[in-house]
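# Analysis of the macromolecular model
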Amino acid sequence: AQSVTQLDSHVSVSEGTPVLLRCNYSSSYSPSLFWYVQHPNKGLQLLLKYTSAATLVKGINGFEAEFKKSETSFHLTKPSAHMSDAAEYFCVVSLGRGAQKLVFGQGTRLTINP
Amino acid sequence: NAGVTQTPKFRVLKTGQSMTLLCAQDMNHEYMYWYRQDPGMGLRLIHYSVGEGTTAKGEVPDGYNVSRLKKQNFLLGLESAAPSQTSVYFCASRTGTDRETQYFGPGTRLLVL
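Cut-offs applied
Residues numbered from 1 in each chain as written. Chains lettered and ligands numbered in written order. Predicted model: local features only at pLDDT ≥ 70, side-chain atom pairs only at ≥ 80, totals over all residues. Heavy atoms only, no water. Pairing = 2+ DSSP bridges. Helix = DSSP H or I, 4+ residues; strand = E, 2+ residues; numbered from the N terminus. Axes fitted to C-alpha atoms, helices over the stretch in contact; angles between N-to-C directions. Buried < 20%, exposed > 50% of the residue type's maximum accessible area, 1.4 Å probe, protein only. Patch = residues over 30% accessible without salt bridge, like charges linked within 9 Å, V, L, I, M, F, W, Y side chains within 5 Å. Areas by Shrake-Rupley, 256 points an atom, 1.4 Å probe, with all protein chains shown as cover. Salt bridge = Lys/Arg side-chain N within 4 Å of Asp/Glu carboxyl O. Disulfide = S-S within 2.5 Å.

Looking now at the sheet that holds strand 3 (residues 19-25) of chain B. Residue and element names in this part refer to chain B. One open sheet holds the four strands; their spatial order is 1-3-8-7, and the pairing between them is antiparallel. With partners counted over all chains shown, the strands left at the sheet margins are strand 1 (4-7) and strand 7 (65-67), one partner each. When strand polarity is set aside, the average angle formed by the axes of neighbouring strands in this sheet is 20°. Pairing between strand 7 and strand 8 (residues 73-78): three bridges, direction antiparallel. Across the sheet, Asn65 pairs through a bridge with Gly77, a residue of strand 8.

Structural data, given as structure tokens:
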């Protein structure tokens, strides 16, 4: 069965320092993986997606993620955090085929310190 | 293009009351989904629809019903609300061709007393 585990429920970094949000996945076949962001009291916005093309995926707002099959990981990174990055981040795996149902991780709350 | 909209934004119900949440999309998407979001649990799929007139159960369907009478609308019903249904509800939709990207609405916050 497909699943994702976000290794940190809360990450706190200083503005201008790198961001690393960790995600491990479990899938019986080659997965599609996503990162979504949710700002306070807002809906979810797609940051980036991996669908078996390049393993390094670039998304919006300077975020990127690298698919590592050997480590079953899909960590999200950003070189320099901005105050506007404070939000909840979800790693998501697609069940594939058919209705393309999504399975969400528990979420990581990112706090940016001035 | 409004994208995915949800009505209402916030509602308070008493135990046993019924209500319907409305999701509307103007992108001509085939697939629509209802999720609930609870603290520390990410989003869980309640029901989904692969086209007008069709619905299917997701991960947590109990206590909910859905209808997709029109392609652009997906209704989520609570026949007899329970405190355990206090949650934030998100609707999403996607095309039949871009199988990966779902577009989410802003959410409906529901409190059942």
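A separate point is unusual backbone geometry. A cis amide bond links Thr7 of chain B with the next residue in sequence, Pro8 of chain B, at an omega value of -5°. Relative to the helices and strands, Pro8 of chain B is located in the loop between strand 1 and strand 2 (10-13). With a phi close to 45°, Thr72 of chain A is a non-glycine residue in the positive phi region. Structurally, the position occupied by Thr72 of chain A is in the loop between strand 8 (64-68) and strand 9 (73-78). By relative accessible area, Thr72 of chain A is classed as partly exposed at 32%. Backbone geometry places Asn28 of chain B, a non-glycine residue, at a positive phi of 60°. You can call Asn28 of chain B exposed: its relative accessible area is 54%.

All names here are of chain B. Taken together, Phe10, Val12, Leu111 and Leu113 make up a surface patch of nonpolar side chains, about 360 Å² in accessible area. Within the fold, Phe10 resides in strand 2. When its relative accessible area of 47% is taken as the criterion, Phe10 is described as partly exposed.

Another aspect to go through is the state of the cysteines. All names here are of chain A. According to the stated counting rule, one finds two disulfides over all chains in the structure shown. There is a disulfide in this structure between Cys23 and Cys91, and the S-S distance comes to 2.0 Å. On the S-S bond that ties Cys23 to Cys91, the torsion sits near -70°, and the link is left-handed. Residue Cys23 is located in strand 4 (residues 23-26), and its partner Cys91 is located in strand 10 (residues 87-94); the two are separated by 68 residues in the primary sequence. Exposure class is identical for Cys23 and Cys91. Each is buried.

These figures come from the coordinates and say nothing about function on their own.
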